[in-house]
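Below, each chain spelled out in residue letters.
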Amino acid sequence: MTTTRTPKGCSNNRVNVCPIRRSYVSKNYGPSITDIMAQPTKSRIFMTGASGYLGSVITEHAIAHGYEVHGLSRIEASDEKLRSLGAVPVRGDLQALDVLRHESANAEIIIHLADVMTRNPDYHAGLRIDAAAVDAICETIQGTDKPLLVTSGSLVVEADPNGEETTETSPLQKKPVNDRFKAEDHAINWAREKGVRVIAIRLAPYVYGRGGSGIRLFMQMHARNGEVTCVEDGSTRTSTVHVDDAARMYILAAEKASAGEVYNCTSSTDVTALQLAEAMGSILALPVKFFKFDEAVAKFGPFFSKFLCAVNRASSAKAFQRLGWQPREPGIIDDIKSGSYLAVTEKLRGKQVSNT
Ligand SMILES: NC(=O)c1ccc[n+]([C@@H]2O[C@H](COP(=O)([O-])OP(=O)(O)OC[C@H]3O[C@@H](n4cnc5c(N)ncnc54)[C@H](OP(=O)(O)O)[C@@H]3O)[C@@H](O)[C@H]2O)c1
């Protein structure tokens, strides 16, 4: 008689907890040909945005944890990137609803990272595309215990009037930087109304590390401008999280979180806008230039200006307690001054040298 194999650390309470699918159990007749042929197969994650900054790091961690990853991919370059990480590229975009349905039906976990709103000139058109994609996935997984993790941001809540940390249940922003909460709310509604196991991860405004994302883009912009921009006096505090710590939270949430739960994903809530500006200024050897809010809006536009001086102190206490999540990576200031962003400085210096 064969037995099911439960890898170390896996529980049988939820089919999706275990990264190895159960093999067929023969009851009375000894090992069947199916048993003999069937090697335990890996539990599959289907991910949108898998080729992006955060998606590729989640992919790396997931594969290291024994998962198989299928990543939605729009172009050959993303196919290549996914293959190089050990993932399987699946051609399509968020409007390829049949692909989303097929992949969700064949996966144990679905992680949705692709953001069709932020760079869309019509944010609400992006929201409609996102909602249709989430609907296609949720219709497919309804009635199962498969988790769908959607991505949101900790900026959806209003800063605490006394400067304290906020939680996942703090009041929403009255004047949000964007309408991201609508996407989160649409997805979580599937949990509220139909019991689908949708979980929202609210990422810190600054996801950093591996020399990528916002800090790299800001460094490029500051290097072009010859100065580091700081809006008002830079005393506002923001939330940050290292990309590898964020990736670990996605995997823990997929394994442990319940339908309708929302988790802040931040490892620090104390870094000020001025500390960030000074850290970038010090490695780029550039001065920090202070702009009044209105001047900044006139020069850089409202989104960037609001982002740079937004107060955001979102606590991840819930993830520590319920998911057992523990951030382990270096803080953002250390990573800028003496970590992964030094290579970005070197590249920018190389460009300046080759331009002269
Ligand atoms: N990075 C941060 O600091 C930060 C902070 C807060 C929240 N977030 C959120 O976290 C998520 C991941 O961010 P990221 O920094 O990893 O983004 P990213 O590096 O820009 O990657 C975006 C990913 O989405 C895919 N994508 C874009 N439009 C798509 C579409 N129409 N259909 C299918 N796929 C599409 C891209 O695929 P291609 O390879 O085909 O282009 C890429 O894989 C996003 O929802 C973002 O808003 C990020």
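Above this text sits the structure in question.
Small disclaimer: the values here were computed from a predicted structure and weren't measured.

What counts as what
- Residues numbered from 1 in each chain as written.
- Predicted model: local features only at pLDDT ≥ 70, side-chain atom pairs only at ≥ 80, totals over all residues.
- Axes fitted to C-alpha atoms, helices over the stretch in contact; angles between N-to-C directions.
- Helix = DSSP H or I, 4+ residues; strand = E, 2+ residues; numbered from the N terminus.
- Left-handed = near helix turned anticlockwise from the far one by under 90°.
- Contact = placed C-beta atoms within 7 Å.
- Nonpolar A, V, L, I, M, F, W, Y, C, P; charged D, E, K, R; others polar.
- Near = placed C-beta within 6 Å.
- Buried ≥ 20, exposed ≤ 12 C-beta atoms within 10 Å, placed from the backbone.
- Expected span 1.5 Å × (residues − 1).
- Bend = angle between axes of the 7 residues up to and from the residue.
- Pairing = 2+ DSSP bridges.
- Right-handed = clockwise from strand over helix to strand, strands pointing away.

**Student:** Could you clarify how one ought to interpret the packing of helix α4 (residues 97-105) against helix α5 (residues 123-141) in this entry?
**Tutor:** Between two packed helices, both the angle of their axes relative to each other and the distance between the axes serve to describe the pair. At a minimum axis distance of 9 Å, the contact between α4 and α5 shows a crossing angle of 35 degrees. For α4 against α5, the interelement crossing comes out right-handed. Contacts between α4 and α5 pair Leu97, Leu100, Arg101, Ser104 and Ala105 from the former with Ala132, Ala133, Ala136, Ile137, Thr140 and Ile141 from the latter. Classifying every residue of the contact of α4 with α5 gives eight nonpolar, two polar and one charged.

**Student:** How should the site of the ligand be read in this particular structure?
**Tutor:** Taken together, 27 residues form the shell around the ligand, and within it Gly49, Gly52, Asp93, Asp115 and Val207 come nearest. Mapped by element, the contributors of at least two residues to the shell around the ligand are α2 (53-64), β2 (68-73), β5 (148-153), β7 (206-208) and α7 (213-225). No other element matches the three residues that α2 contributes to the shell around the ligand. Per-class residue counts for the shell around the ligand are 12 nonpolar, 12 polar and three charged.

**Student:** Explain unusual backbone geometry here, please?
**Tutor:** Keep in mind that most residues, glycine aside, have a negative phi and that most peptide bonds are trans. Of note in the backbone geometry, arginine 210 takes a positive phi value of approximately 55 degrees without being a glycine. Positive phi, close to 60 degrees, is recorded for glutamate 232, a residue that is not glycine. Of note, glutamate 232 is situated in the loop between β8 (228-231) and β9 (237-242). Using a count of 16 C-beta atoms within 10 Å as the deciding quantity, one classes glutamate 232 as partly exposed.

**Student:** In this structure, what is going on with helix α6 (residues 180-194)? I would like to understand it.
**Tutor:** Quick reminder: α-helices carry 3.6 residues per turn. Residues three or four places apart thus point the same way. Taking 1.5 Å per residue as the helical rise, α6 with its 15 residues ought to reach 21 Å, and the 22 Å between its terminal C-alpha atoms agrees with that figure. The largest bend along α6 measures about 25 degrees and falls at isoleucine 188. Among all positions in α6, only Arg180, Ala183, Glu184, Ala187, Ile188, Trp190 and Ala191 are buried. Looking at the buried positions of α6, the neighbouring elements they touch are α5, β5, β6 (198-203) and β10 (262-265). Backbone geometry just after α6 places glycine 195 at a positive phi near 70 degrees.

**Student:** When you look at the pairing of β5 in this model, what are you seeing that I'm missing?
**Tutor:** Two faces make up the sheet, and in a regular strand the side chains alternate between them. The buried fraction of β5 amounts to six of the six residues, a majority that puts the element mostly inside the structure. The alternating pattern of β5 places Leu148, Val150 and Ser152 and Leu149, Thr151 and Gly153 on opposite faces, both of which are buried. Sheet topology note: the strand β4 (residues 109-112)/β5 ladder contains three bridges and is parallel. Residue pairing across strands places histidine 112 opposite valine 150, the latter belonging to β5. For the crossover that starts at β4, traverses α5 and ends in the parallel β5, the hand is right-handed.

**Student:** Please explain α2 as it appears in this structure.
**Tutor:** In this model α2 runs 17 Å from its N-terminal to its C-terminal C-alpha over 12 residues, within 8% of the 16 Å that 1.5 Å per residue would give. Where α2 is concerned, the buried positions are Leu54, Gly55, Ser56, Val57, Ile58, Thr59 and Ala62. Buried-residue contacts for α2 involve β1 (44-48), β2, α3 (76-85), β4, β7 and α8 (243-256).

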